[in-house]
Amino acid sequence: MPLAAILGCAGPELTAAERDFFKSVDPLGFIVFARNLIDPEQARRLTAELRASVERSDAPILIDQEGGRVARLKAPHWRHPPAADKFGVIAAMDRARAAQAVRINHELMAAEMLDLGINVDCAPMVDVRAPGAHDVIGDRAFGSDPYLVADLGRAAAEGLMAGGVMAIVKHIPGHGRSTIDSHHDLPRVDADFDTLAETDFVPFRALNDIPWAMTAHIIYGAIDDKLPATLSPTVIAEVIRGEIGFPGLLLSDDLSMKALKGGLDELAQQSLEAGCDVVLHCNGDMAEMERVVRGSKPLSAVGQARYEQGQRRLNREPDVDRAEMLDELSALMA
């Protein structure tokens, strides 16, 4: 079994040290960022190098490509997709039109990613925006109505998978109430369980059949007063697997984010023991990746089954006329 980890690389091409490291530890897959992507030809070369390092031609290669301010594919070589809340504004006037626009946009995104060898998107984000919350979510959210977020999140996930790219719903069980940025510190949410179940959990429950989900680095005081979801057996078992009913592949958010305290080896081990199937480390720092690997283990048989089941959900022969779909999207967004 491959290692239950998704890892990054430092630059636009693999160093010899990175190539040897990935070959020796055999991570399940990789994640790429703007620092890794210069132009289409170079991006295709890098994704091929990454897969060659683990000798798996279908190894997952992830990207954060939501649209708006979270878009790793940059101009002038790539289209800049709209932020999620642009679709929420349209939905206030015409919900069906907004959902159609979301689906087309994400199917186009899938075509753009697959062209580069990227086959997993860390989207859709289905956190419900709450009044007074930190702007780390902000316009990345489809809105503050959990049922609207669920509908547009469904359209986004189905668009990606129809285009041959795996969707990841995030940040389960909900990041929309956070008053601080989990990239820099550990948020705490003290809403009672019933309030969370009636709002934050709703989109995740509605999308619990999407094959992958990503955890939130947040303490939910009503569920586990000590540990963030990523590290909490209680949150994962009772809420993510229980109340929400998510049966698929559970990926941690980035272990190098400042919300989590402790050694990366300990965090990787704790996350996997808590119930995550796979851990994520993004920044490509070799010393940090070595520590993550020390705390990780091979993908479990259950994790492997979840991964394979998800792969069967993807459209293997997407047929996208990008020009036609761009025209249709423009008309829907007008």
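This text goes with the structure placed above it.
These remarks concern the structure in this document. (Residues numbered from 1 in each chain as written. Predicted model: local features only at pLDDT ≥ 70, side-chain atom pairs only at ≥ 80, totals over all residues. Heavy atoms only, no water.)

1. Considering unusual backbone geometry
Outside of glycine, negative phi angles account for most residues, and trans bonds account for most peptide bonds.
Logical step 1: Of note, the amide linkage connecting Ala75 to Pro76 takes the cis form, showing an omega dihedral of 10 degrees.
Logical step 2: For Pro76, the location among the structural elements is in the loop between strand 5 (70–71) and helix 3 (84–93).
Logical step 3: Cis geometry marks the peptide bond from Ile172 to Pro173, where omega comes out at 10 degrees.
Logical step 4: Inspection of the secondary structure assignment puts Pro173 in the loop between strand 7 (166–172) and strand 8 (188–189).
Logical step 5: Despite not being glycine, Asp26 shows a phi value in the positive range, around 55 degrees.
Logical step 6: For Asp26, the location among the structural elements is in the loop between helix 1 (16–25) and strand 2 (27–32).
Logical step 7: Positioned with a positive phi, Glu55 is a non-glycine residue whose angle comes to about 55 degrees.
Logical step 8: As for its placement among the helices and strands, Glu55 is situated in the loop between helix 2 (40–54) and strand 3 (61–63).
Logical step 9: Note on Glu55: relative accessible area 67%, which makes it exposed. (Helix = DSSP H or I, 4+ residues; strand = E, 2+ residues; numbered from the N terminus. Buried < 20%, exposed > 50% of the residue type's maximum accessible area, 1.4 Å probe, protein only.)

2. Quick look at the environment of Leu196
Logical step 1: With respect to the helices and strands, the residue Leu196 is situated in helix 6 (residues 193–198).
Logical step 2: For Leu196, a relative accessible area of 0% gives the class buried.
Logical step 3: Considering only alpha carbons, one finds Leu196 and Ile118, 78 residues apart in sequence, at a separation of 34 Å.
Logical step 4: With residues up to four places along the chain from it excluded, the contact list for Leu196 reads Arg177, Val189, Ala191, Phe201, Tyr220 and Ile223. (Contact = heavy atoms within 4.5 Å.)

3. Some thoughts on the packing of helix 4 (residues 95–114) against helix 12 (residues 322–333)
Logical step 1: For the pair helix 4 and helix 12, interaxial distance at closest approach is 9 Å and the crossing angle is 150 degrees. Classified by the angle their axes make, helix 4 and helix 12 are roughly antiparallel. As helix 4 packs across helix 12, the resulting crossing turns out to be left-handed. Of helix 12, the residues touching helix 4 (which contributes Arg97, Gln100, Ala101, Ile104, Asn105, Glu107, Leu108, Ala111 and Glu112) are Arg322, Met325, Leu326, Glu328, Leu329, Ala331, Leu332 and Met333. (Axes fitted to C-alpha atoms, helices over the stretch in contact; angles between N-to-C directions. Parallel < 35°, antiparallel > 145°, perpendicular 65-115°, else oblique. Left-handed = near helix turned anticlockwise from the far one by under 90°.)

4. Regarding the side chain of Arg79
Logical step 1: Here Arg79 shows up in the loop between strand 5 and helix 3.
Logical step 2: A relative accessible area of 19% means that Arg79 is categorised as buried.
Logical step 3: One polar contact links Arg79 to Asn105, side chain to side chain, over a distance of 2.9 Å.
Logical step 4: Only 2.7 Å separates the side chain of Arg79 from the side chain of Glu112, close enough to count as a polar contact.
Logical step 5: Each residue touching Arg79, except ones within four places of it in the same chain, is listed here: Gln65, Leu73, Asn105, Leu108, Met109, Glu112, Leu326 and Leu329. (Polar contact = N/O pair within 3.5 Å; in protein donor to acceptor, adjacent residues only side chain to side chain.)

5. Re helix 5 (residues 146–162)
Logical step 1: Here helix 5 spans 24 Å end to end across 17 residues, near enough to the 24 Å set by a 1.5 Å rise per residue.
Logical step 2: In terms of residue burial, helix 5 counts as a mostly covered element, since 13 of its 17 residues are buried.
Logical step 3: The N-terminus of helix 5 is capped by Asp145, whose side-chain oxygen sits 2.9 Å from the backbone nitrogen of Tyr147.
Logical step 4: Within two residues after helix 5, Gly164 carries a phi angle of roughly 90 degrees, on the positive side. (Expected span 1.5 Å × (residues − 1).)

6. Overview of the nonpolar core
Logical step 1: Residues Phe22, Leu50, Leu62, Trp212 and Leu251 are the most contacted members of the largest nonpolar core, which totals 108 residues.
Logical step 2: Broken down by element, this core gets its largest block of residues, 9 residues, from helix 5.
Logical step 3: When sequence neighbours within four positions are dropped, the list of residues in contact with Phe22 reads Leu7, Gly8, Cys9, Leu14, Pro27, Phe30, Leu50, Ser53, Val54 and Met289. (Core = buried A, V, L, I, M, F, W, Y, C linked by side-chain atoms within 4.5 Å.)

7. Quick notes on the pattern of salt bridges
Logical step 1: Tallied over the entire structure, the rule returns 23 salt bridges.
Logical step 2: Taken together, the salt bridges that share partners define one network made up of Asp64, Glu66, Arg72, Arg140 and Lys170. (Salt bridge = Lys/Arg side-chain N within 4 Å of Asp/Glu carboxyl O.)

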